[in-house]
Amino acid sequence: MSAPLLRPLPRPHAERTLFCLSFCGGGTAPFRPWAAALPEDTELVLYCYPGREGRYSSPFARDWEELLGGALTALRGVATRPYVLAGHSMGAWVAFDLALRAERAEVAPPQALVVSAAHAPDSRRTDPDAPPHVGNTDEELLDWMFTVGQMPEAVRAEPELRQMAVEVLRADLRAMDTYRYHPGDRVRAPLQLLHGEDDDLDAEALARWRPLTTGRFESTPLPGGHFYTPPVWQRLPAHMTALRPERAGRSVERSGSGR
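What exactly am I supposed to notice about the overall build of the protein here?
The number of helices and strands found in the protein is seven helices and eight strands. In terms of C-alpha radius of gyration, the protein reaches 17 Å, essentially the compact-globule figure of 18 Å for 259 residues. By principal-axis analysis of the C-alpha atoms, the protein measures approximately 50 × 40 × 35 Å. Relative to its full complement of 259 residues, the protein shows a buried share of 53%. Intrachain contacts of the protein at a sequence separation of at least 6 include 79% that bridge at least 24 residues. Roughly 11,900 Å² of accessible area belongs to the protein as shown, and the carbon and sulfur atoms make up 53% of that amount.

Listed below in structure tokens is the structure:
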């Protein structure tokens, strides 16, 4: 079995780590270009959920506890130096819960938490049957992945690849459905929320993240939808305040454009 951690551009002497968690049904591939967008003192480390890529032979996580247990074990090896924790979509919930578990397990907490393109974990969608949902048909899930930009046209055109994509998405949706936010849970790390201006997150949904940290909060709108525009996605770490040395120490709360 391959290791769950991937370092696209190894920097063993880096001063800090950007530890990333993927979206529902995703792997590490979409995040690998970020390595080139990081400052020289930062190493990109990607966590691969079981059942895909190099962990294809590993069973999918059966529920949220199993998914987070594996992620926390991996984090222990990363937290030996300062790190920023980041997650996109479902990965935002994983990152939030992982930050909480790190504090409780006496693992060094993150310097900052970056959540991207996600509703706050203490909220539920107004339409629970809308894609993506475990009750959706394969075609509904495929249409959703294609619409939000999660599935390239080349994958959609290959029946075997389509089936694999749906299986991975369903497995993650099943695990995600067992997650329960516990009222009062808040992280201590500064929290930055990245969100696409054309995504389905309204002002009320964005505001629900603010009470989930006792630290600094920042909301950053960026061009595009759920996966932003391709140029923004390719260099998304450039919009993470915690990775900018000249700004990381500021104790301010702000909302600003990421253009």
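Help me understand the pairing of strand β3 (residues 42-47) in this model?
Where a strand is regular, its side chains alternate between the two sheet faces. Where burial is concerned, most of β3 is hidden: six out of the six residues are buried. Residue alternation in β3 divides its side chains into two sets, Thr42, Leu44 and Leu46 and Glu43, Val45 and Tyr47, and both sets are buried. The sheet contact formed by strand β1 (residues 5-6) and β3 spans two bridges and is antiparallel. Across the sheet, the residue bridging to leucine 5 is tyrosine 47, located in β3. Bridge count for strand β2 (residues 16-21) against β3 is five bridges, and the pairing is parallel. Residue pairing in the sheet places threonine 17 in a bridge with glutamate 43 of β3.

How should I be thinking about the packing of helix α1 (residues 64-78) against helix α2 (residues 90-104) in this particular structure?
In helix packing, the relevant descriptors are the interaxial angle and the interaxial distance, both defined with respect to the helix axes. Their axes nearest at 10 Å, the elements α1 and α2 cross at an angle of 65 degrees. Here α1 and α2 pass one another in a crossing that is right-handed. Only Met90, Trp93, Val94, Asp97, Leu98, Arg101 and Ala102 of α2 make contact with α1, whose side of the interface consists of Trp64, Glu65, Leu67, Leu68, Ala71, Leu72 and Leu75. Its residues assigned to classes, the contact of α1 with α2 shows eleven nonpolar, no polar and three charged.

Explain the nonpolar core here, please?
Within soluble globular proteins, side chains that are nonpolar tend to cluster in buried spots. In terms of nonpolar packing, the biggest core is built from 79 residues, with Leu18 and Trp209 touching the most fellow members. Of all the elements, α2 adds the most residues to this core, at ten residues.

How should the layout of surface pockets be read in this particular structure?
The rolling of a water-molecule-sized probe over the atoms marks out the regions of remaining empty space. Looking at the second largest pocket, its volume works out to about 600 Å³. As for the second largest pocket, its lining consists of 24 residues, and the residues nearest its centre are Gly25, Gly26, Gly27, Gln150 and Ala165. Counting residues per element, the lining of the second largest pocket draws most heavily on helix α5 (residues 159-177), which supplies five residues. Across the lining of the second largest pocket, the residue classes break down as 15 nonpolar, six polar and three charged.

Would you explain empty space enclosed by the protein in this entry?
As enumerated under the stated definition, the model contains two cavities of 30 Å³ or more in all. In this model, the largest cavity occupies a volume close to 70 Å³. The wall of the largest cavity is formed by Ala112, Leu113, Val114, Pro190, Leu191, Gln192, Arg216, Phe217, Glu218, Thr241 and Ala242. Mapped onto the lining of the largest cavity, the elements with two or more residues apiece are β5 (112-116), β6 (191-196) and β7 (217-222). Broken down by element, the lining of the largest cavity gets its largest block of residues, three residues, from β5. Per-class residue counts for the lining of the largest cavity are seven nonpolar, two polar and two charged. Quantified by volume, the second largest cavity comes out at close to 50 Å³. If you go around the second largest cavity, the residues you meet are Cys20, Leu21, Phe31, Trp34, Ala86, Gly87, His88, Val114, Ser116, Leu194, Leu236 and Met240. Of all the secondary structure elements, the ones that give two or more residues to the lining of the second largest cavity are β2, β4 (83-88) and β5. By residue number, the principal contributor to the lining of the second largest cavity is β4, which donates three residues.

When you look at the packing of aromatic side chains in this model, what are you seeing that I'm missing?
Aromatic rings in a pair are described by how distant their centres are and how their planes are angled relative to each other. As enumerated under the stated definition, the model contains eleven aromatic pairs in all. Pairing phenylalanine 31 with tryptophan 34 gives two aromatic rings, centres 4.9 Å apart and planes at 75 degrees, and the pair type is edge-to-face. Classification of phenylalanine 31 as buried rests on a relative accessible area of 2%. Residue tryptophan 34 is classed as buried on the basis of its relative accessible area of 2%. Centre to centre, the rings of phenylalanine 96 and tyrosine 181 are 6.3 Å apart; their planes meet at 35 degrees, and the pair counts as tilted.

Basis of the calculations
Residues numbered from 1 in each chain as written. Predicted model: local features only at pLDDT ≥ 70, side-chain atom pairs only at ≥ 80, totals over all residues. Heavy atoms only, no water. Helix = DSSP H or I, 4+ residues; strand = E, 2+ residues; numbered from the N terminus. Rg over C-alpha atoms; globule rule 2.2 N^0.38 Å. Buried < 20%, exposed > 50% of the residue type's maximum accessible area, 1.4 Å probe, protein only. Contact = heavy atoms within 4.5 Å. Areas by Shrake-Rupley, 256 points an atom, 1.4 Å probe, with all protein chains shown as cover. Pairing = 2+ DSSP bridges. Axes fitted to C-alpha atoms, helices over the stretch in contact; angles between N-to-C directions. Left-handed = near helix turned anticlockwise from the far one by under 90°. Nonpolar A, V, L, I, M, F, W, Y, C, P; charged D, E, K, R; others polar. Core = buried A, V, L, I, M, F, W, Y, C linked by side-chain atoms within 4.5 Å. 1 Å grid on protein atoms, 1.4 Å probe; cavity = no way out; pocket = protein on both sides within 12 Å on 5 of 7 lines; lining within 4 Å. Points joined across faces, edges and corners; volume = space filled by probe spheres on them. Phe/Tyr/Trp six-rings, centres within 6.5 Å; stacked < 30°, edge-to-face > 60°.

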